Amino acid sequence: MALEEGARSCLLRVRNRLEQDIKPSYLMDHMISDGVLTVDEEEKIRTQAVELLELLLRKDNHAYISFYNALIKEAYDDLANLLHDDLPNISPSVYKSFPDGCTPYVQTVLSEGGVPQRPVVFVSRPELVNRIREKLYRLQKEPGWVTVFGMAGSGKSVLAAEAVRHHGLIEECFPGGVHWLSIGQLDKPDLLAKIQSLCFRLEQSLDSQSLQRPPNSLDEAKERLRFLMLRRYPRSLLILDDIWDSTVLKALDIHCRILLTTRNRSLTDSVSGAKYEVEVESGLEDNKGLEILALYTKTKLQGLPEEARSIVRECKGSPLVVSLIGALLKDKPNRWRYYLCQLQQKQFKRIRKSSSYDYDALDQAMAASIEVLPDEHRDLYKDLTVLEKDIKIPAKVLSVLWDMEPEEVEDILEEFVNKSLLYVDSNNKPYLYYLHDLQLDFLVEQNRNELESLHTKVVRQYQQHYKDGHPTSGDDECLYWIRFLTYHMAKANLSQELYALMFSLDWVNIKAQIMGPAHLINDYVEYGPILDKEVRSHFQEFLSLNGHQLEQRPFPDVVQLALSEPHNSEVYRQALVKAQEGASRGKLYIDWLNKSSVESLSLLVIHPHQGSIYSACFSHDGTKIASCGASKMLKVFKSKSGEKLMEIQAHDEEVLCCAFSPDDRLLATCSSDKKVKVWNVERAMLLRVFEEEHEEQVNHCQFTNTTRRLLLATCSNDKFLNLWNLNKPSSQNTVFGHFEPVNHCCFSPDDNFLSTSSNDGTVKLFQVSSANEWKTINVREMFTESDEEVLVKCSTWTADGKRIICAARNDVWLWDLGSNKKMADCSGHLSWVQRVQFSPDGSQLLSCSDDQTVRLWETKKVHTSSAVCLKRDSDVLFTDEEIIVSAADNCNRLQVRDGRKGSVMFQSEEKSSRIRCTCMCRQLSAVVLGQEDGTVQVLEVPSGRLLATLLGHTKTVLHCQFSQNGQTLITSSEDTTIRVWRWQSGECKVLQGHKEQVRCFSLLSKSPTETTLLSWSFDGTVKVWDIDSGEKLQDIEAHREAILSCHVSPDGCFFATTSADKMIKVQHSPKHAHVGHQDCVRSCRFSWDSQRLATGDDNGQIRLWSVKDGSLLKICSRDGKDGMDSLHGGWVTDLHFSPDDSLLVSTGGYIKWWNVDKGEALQTFFPTGSALKKIHVSPDFSTFVTIDNIGILYILQRLM
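Computed from a predicted structure; not experimentally measured.

What counts, and where the lines are drawn
Residues numbered from 1 in each chain as written. Predicted model: local features only at pLDDT ≥ 70, side-chain atom pairs only at ≥ 80, totals over all residues. Heavy atoms only, no water. Pairing = 2+ DSSP bridges. Helix = DSSP H or I, 4+ residues; strand = E, 2+ residues; numbered from the N terminus. Buried < 20%, exposed > 50% of the residue type's maximum accessible area, 1.4 Å probe, protein only. Salt bridge = Lys/Arg side-chain N within 4 Å of Asp/Glu carboxyl O. Core = buried A, V, L, I, M, F, W, Y, C linked by side-chain atoms within 4.5 Å. Contact = heavy atoms within 4.5 Å. Patch = residues over 30% accessible without salt bridge, like charges linked within 9 Å, V, L, I, M, F, W, Y side chains within 5 Å. Areas by Shrake-Rupley, 256 points an atom, 1.4 Å probe, with all protein chains shown as cover. Lys, Arg positive; Asp, Glu negative; His and termini not counted. Charge placed at Lys NZ, Arg CZ, Asp CG, Glu CD. Polar contact = N/O pair within 3.5 Å; in protein donor to acceptor, adjacent residues only side chain to side chain. Disulfide = S-S within 2.5 Å. Axes fitted to C-alpha atoms, helices over the stretch in contact; angles between N-to-C directions. Parallel < 35°, antiparallel > 145°, perpendicular 65-115°, else oblique. Nonpolar A, V, L, I, M, F, W, Y, C, P; charged D, E, K, R; others polar. Expected span 1.5 Å × (residues − 1). Arc of directions from axis to C-beta. Phe/Tyr/Trp six-rings, centres within 6.5 Å; stacked < 30°, edge-to-face > 60°. Lys NZ or Arg CZ within 6 Å of the ring centre and 35° of its normal.

1. Quick word on the sheet that holds strand β6 (residues 393-394)
Link 1 in the chain: One open sheet holds the three strands; their spatial order is β6-β8-β7, and the pairing between them is antiparallel. The strands lining the two open edges of the sheet, one partner per strand, are β6 and β7 (423-425).
Link 2 in the chain: Bridging between β6 and strand β8 (residues 432-434) involves two bridges; their strand directions are antiparallel. Each residue of the ladder has a partner; that of proline 394, found in β8, is leucine 432.

2. Overview of the pairing of strand β21 (residues 721-724)
Link 1 in the chain: Here β21 shows no split at all, with Leu721 and Leu723 on one side and Asn722 and Trp724 on the other all buried.
Link 2 in the chain: Bridge count between strand β20 (residues 712-716) and β21: four bridges; the pairing is antiparallel. By the bridge assignment for β21, leucine 712 is matched with tryptophan 724.
Link 3 in the chain: Remark: four residues form the turn of the hairpin made by β20 and β21, two consecutive strands paired antiparallel; lysine 719 in that turn has positive phi of roughly 75°.
Link 4 in the chain: For β21 and strand β22 (residues 733-735), the ladder comprises three bridges, and the chain directions are antiparallel. Bridging across to β22, leucine 721 finds its partner in valine 735.

3. Here's the deal with the pattern of salt bridges
Link 1 in the chain: Taken as a whole, this structure holds 45 salt bridges when the rule is applied.
Link 2 in the chain: Among the ionic pairs, glutamate 162 bridges to arginine 165, the shortest N-O distance being 2.6 Å. Accessibility classification places glutamate 162 together with arginine 165 in one group, the buried group.
Link 3 in the chain: Across the pair aspartate 383 and lysine 457 runs a salt bridge, and its minimum N-O distance is 2.7 Å. Taken together, the positions of aspartate 383 in helix α20 (residues 375-383) and lysine 457 in helix α24 (residues 451-465) put the pair 74 residues apart, joining distant regions of the chain.

4. What about the nonpolar core?
Link 1 in the chain: Leu384, Trp402, Phe416 and Leu505 are the most contacted members of the largest nonpolar core, which has 77 residues in total.
Link 2 in the chain: Top element by residues in this core is helix α25 (residues 476-491). It accounts for eight residues.
Link 3 in the chain: Apart from residues lying up to four places away in sequence, phenylalanine 416 is in contact with Leu373, His377, Tyr381, Leu384, Trp402, Leu421 and Leu422.
Link 4 in the chain: Ranked by size, the runner-up nonpolar core spans 31 residues in total, among them Leu27, Leu55, Tyr64 and Leu87.

5. A word on the pairing of strand β1 (residues 144-149)
Looking down a regular strand, the side chains alternate between one sheet face and the other.
Link 1 in the chain: With six of six residues buried, β1 is to be regarded as a mostly interior element.
Link 2 in the chain: Along β1, one buried face is formed by Gly144, Val146 and Val148 and the opposite face, lined by Trp145, Thr147 and Phe149, is buried too.

6. Re a negative patch on the surface
Link 1 in the chain: Among the surface-exposed residues, Asp403, Glu405, Glu407, Glu408, Glu410, Asp411 and Glu414 lie close enough to one another that they form a single negatively charged patch.
Link 2 in the chain: Its place among the elements puts aspartate 403 in the loop between α21 (395-402) and α22 (406-418).
Link 3 in the chain: Looking at aspartate 403, the relative accessible area reads 65%, which means it is exposed.

7. Observations regarding helix α27 (residues 505-515)
Link 1 in the chain: Among the residues of α27, Leu505, Trp507, Val508, Ile510, Lys511, Ala512 and Met515 are the ones counted as buried.
Link 2 in the chain: Capping the start of α27 is the job of one residue whose side-chain oxygen sits 3.2 Å from the backbone nitrogen of aspartate 506: serine 504.
Link 3 in the chain: Glycine 516 sits one or two residues past α27 and shows a positive phi near 90°.

8. Some thoughts on the state of the cysteines
Link 1 in the chain: By the definition in use, this model includes zero disulfides.
Link 2 in the chain: With no disulfide of its own, cysteine 1046 has cysteine 1084 as its nearest cysteine by sulfur position, at a separation of 6.2 Å.
Link 3 in the chain: Here cysteine 1046 falls in the buried class, since its relative accessible area comes to 11%.

9. Comments concerning the sheet that holds strand β5 (residues 274-279)
Link 1 in the chain: The five strands lie next to each other as β2-β3-β4-β1-β5, forming an open sheet whose pairing is parallel. If you trace the sheet from one side to the other, it starts and ends with β2 (178-184) and β5, each paired once. Neighbour-to-neighbour, the strand axes of this sheet turn through a mean angle of 15°, independent of strand direction.
Link 2 in the chain: Of the strand pairs in this sheet, β1 and strand β4 (residues 257-262) are connected by six bridges, and their pairing is parallel. Paired with valine 146 across the bridge in β4 is leucine 259.

10. A closer look at the packing of α27 against helix α28 (residues 517-526)
Link 1 in the chain: Two elements in contact, α27 and α28, have axes separated by 7 Å at closest approach and are oriented at 130°. When the axes of α27 and α28 are compared, the pair comes out oblique. From α27, Trp507, Val508, Lys511, Ala512 and Met515 reach across to α28, where they touch Pro517, His519, Leu520, Asp523 and Tyr524.
Link 2 in the chain: Taken together, the residues that form the contact of α27 with α28 break down as seven nonpolar, one polar and two charged.

11. Describing helix α13 (residues 218-232)
Link 1 in the chain: Taking 1.5 Å of rise per residue, the 15 residues of α13 would be expected to cover 21 Å, and the 20 Å separating its terminal C-alpha atoms lies within 8% of that figure.
Link 2 in the chain: Along α13, the positions that sit buried rather than exposed are Leu218, Ala221, Lys222, Arg224, Leu225, Leu228 and Met229. Each buried residue of α13 lies within a common arc of 165° when the element is viewed along its axis, so the set occupies one face.
Link 3 in the chain: Next to the buried residues of α13 lie β2, α12 (188-204), β3 (237-243), α14 (246-251) and β14 (644-649).

12. So, the environment of leucine 328
Link 1 in the chain: Along the chain, leucine 328 falls in helix α17 (residues 319-331).
Link 2 in the chain: Note on leucine 328: relative accessible area 3%, which makes it buried.

13. Some thoughts on the side chain of aspartate 975
Link 1 in the chain: Structurally, the position occupied by aspartate 975 is in the loop between β43 (969-973) and β44 (978-982).
Link 2 in the chain: Despite its burial, aspartate 975 pairs with no opposite charge, the nearest such side chain being arginine 979 at 4.9 Å.
Link 3 in the chain: A distance of 3.0 Å separates a polar atom in the side chain of aspartate 975 from the backbone nitrogen of threonine 954.
Link 4 in the chain: Leave out the neighbours within four places in its chain, and aspartate 975 touches His953, Thr954 and Lys955.

14. Overview of the packing of aromatic side chains
Given two aromatic rings, their pairing is described by the distance between the two centres and the angle made by the two planes.
Link 1 in the chain: Going through the model one piece at a time under the given rule, you end up with 22 aromatic pairs.
Link 2 in the chain: Ring plane angle 35° and centroid distance 4.6 Å describe the contact between phenylalanine 753 and tryptophan 774, whose orientation is recorded as tilted. Taken as a pair, phenylalanine 753 in strand β24 (residues 753-758) and tryptophan 774 in strand β26 (residues 773-778) lie far apart in primary sequence, 21 residues in all.
Link 3 in the chain: Grouped by ring-pair contacts, the aromatic residues Tyr462, Tyr466, Tyr480, Trp481, Phe484 and Tyr487 constitute a single cluster.
Link 4 in the chain: In this arrangement the basic side chain of lysine 392 is found over the ring face of tyrosine 434, its NZ or CZ atom lying 4.8 Å from the centre.

15. Some details on unusual backbone geometry
Link 1 in the chain: Look at the link from lysine 429 to proline 430: it is a cis peptide, with omega at 0°.
Link 2 in the chain: For proline 430, the position within the fold is in the loop between β7 and β8.
Link 3 in the chain: Proline 942 follows valine 941 through a cis peptide bond whose omega is 10°.
Link 4 in the chain: Its identity as a non-glycine residue notwithstanding, lysine 298 has a phi of 55°, on the positive side.
Link 5 in the chain: Along the chain, the position of lysine 298 falls in the loop between α15 (286-297) and α16 (307-314).
Link 6 in the chain: Residue lysine 298 is classed as exposed on the basis of its relative accessible area of 76%.
Link 7 in the chain: Notably, asparagine 493 is not glycine yet its phi reads approximately 60°, a positive angle.
Link 8 in the chain: Looking at where asparagine 493 falls in the secondary structure, it is placed in the loop between α25 and α26 (495-502).

Next up, the structure:
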């Protein structure tokens, strides 16, 4: 816009005076900083004032304002005053009739956006307001950040609100509106609540259909806000008030227009986009301070007493402190001398050395302020000493503390606010009240000897008010008590109460549901020294290993989760008591009988990213963990609790690795974008980018272990390794040796060797000095059971350099270099393990996986743990006293176990061909195993004597089953045949007719005289056979694609098939074809009365159908684990009805029990692993047996 005529005339009028007095070089630095003057223009002007003024006359209003502000900064106050009256408003002239363009339209926009109104006592600071507006105009065409920074109490928030109180600015730059969000010092849950509130406010202004459930995580909240600001409120301004931490900006870095107030001008270094700054001077000019006092006392400036100027000087220009004194003088206008003496006579002291607060002035003003309160209110104000800094509370909290009606409390708080002793956030409903840090520090210092009794009062009042149970409403009052009750107990030194609270499963349930698990874990870490060590470890371990479950919605049953804890755990003891009480009232709880045979090796399980986690690493001091992955983010968090410390978007594509430097000052990252980056950890700032050497994605990066000769190693899909000196732009050495992509590289503890892991199935060790190969470990040879490709993802050294940990698939292996042998392995991840690393002292092992979790392992347990785990193909016999389980183990031996005792009744020798199926015969104490090479063996239990070897199948045996009398054995195979064996004589009938593998079959009657068999295949057909004659009785073309499951109704009238074609078909009269599943239908089961059919699909959905007419009866609960998962944590692989058909159990990623009539979930059991294949159910529906994908056997029993 052109320079306004009034401003132009003013420049011409005072031109001679300006030319004589100004030094252009001083002024131009400020104008260049404001962006109204270029460096080239500065070169032309040099020291010529005439040239500068000529240039100003050709520029716009922004240049005039910048020139005016530069005069102020360089102390040309007299010259600035000459220009002041003609300062442009940067708005259309039509709005000049309103003060600063603040039209009714502007008032409406700001009110709707939650922008605070002007304070009752308001002093204009036009130079600062115009500077902020000038920066805001820069956001007209593109998103960016305007930072208003300065010390506490300098009026930043008031200035920010005043800057947007302007019609022209809003109309031209922010037609989408202005939205205010007060932040302060927040942790993750509170920040989430703030963003949830803003999203709700924004959505309320839209149609009712736009309202959605509140986002459950910061990532989800960020995306919701991004959508609202970019799609629904384009070209709007978001004002973030009182920002303390860069993590808040990262959470709100959504590529929109943002104005923020802060004390730290460097915060925006961590975010992207255009950035502009406006500094607010720490103190008011004397005339502005006097103006505040004049407004409070309703006195003209000329009429102020002589003490006024001294008071302003003693307050050191702080708007906050001047306002405190002004509020006192408003009620006691004759006490000027008294308050000045109060300020002058009080001995100054520093409460916090590093603070930027003016504590000298505050101590004096606060003492004077409190003295004028009535005695009873003075004691109530003292109670506020117990508040935490930057915490806002509703009046209802103080209503409990003071035992008063909320209305009475609000009246008292209003008095405190009016006297500037308390602040109110009126944008929140109900109002939230808080103390300024200075006021709180003053109270703490004044009442230091009474802190314990003040906190005790809080606890006692809470206990009296909530004697019937903790609040669970989730409102602001509830959130305060649930978050800070432990804090008050600890400060009050109420050890017994704190012990009883924190070691209560009820408290864990309430706080985890309302606040999430992170707050709980931090409580146990923070208050650990004053709690019982053993019991604390029980609860902390329970939360550390189940925190990712406690973040789910719907919220899991904490009692059921706790029943999986060890029998000697206090957590389990409490859970068992509660579960037995619940079971007596008809609630369903499941106890894990054989859990003592399973040792948890993990110390902490966290879920820091959405999507796969490709890398996690310790800092060298062991206090921090960095992680990165498919989310493109780099995150740093505490290794004890998982609390997040830093978050930045590191690359434009997936971040494949991160690594700390030896001194923990640097972090290196590498990515699919072929780039390697080096970051400053403390400032979250990018230092170096290497992008020329690697031709394909860079898979891993690693620093040397000492700074003596700091090198960075990287490896890539281009099969090469590069060694980098950070002071040079290109790599100083390239290492060759692998024939496939190199996934990982790691220096030995002494930096003499470099280990590499590759898709060629090997780990290679190279000498760093010569780049020559020293040793090769062939990991591929360890996976003898499968022909699948073995990709070695990573390897790392133990602290003594004698052993190496490597990861392939979802297993972690410990390898001894001296003996060249595998020492141990550990399982726990549900998908591919991407990285492993030892802690600096070697006591812990860190791993991360595609299952979206980071796990900490106890190295000592890993070294001594059994490497034996079971495969999921199994058979179970239930008797009155025993549960007998047969399954192959990972060493390809067949095991028969006593499920209750956990003992191994029988174990075969290791087989040369992989065992794929097994079944047991109750009558003959025999067990069968079927192998991949087609061999079938019958063994005696427990002697292990070979009873028969049955040869005939040419491919993998997929299923085997004895007849009722045990004389006949039936097997099916990938070779498309079914074989009926008189196994004791070796006689065999071959049932041929299927064209593809026969996964399973079923005898149509369990009577020994019935000989009809039903089989189904991937060829889409169902066939009925007479097994005595081998004759095919029926051939049914059931589906166009593979049949995945089949079940015969208990009355023998129907059989149902499900298929990859998403169809369910019920055969025989009446026939039905059921449509409705959106994914492959993988399982089905008839109810015992044959009236209902349950089906489950690959999206985790379960449907209940009427067999009579084919109608859909119920869709079992749609509530899912999270947005990244199916409804059942995986495919629904098996279903079973209870004998009375009232209950249904299903398996998938976890096990669920359902109310059949209502279709509602009654209970969920979360296994350590996932991908459950089958569940065996006892006839009375009381015992359940399954094996997960990491080989853990579960003997589960319903508590009665």
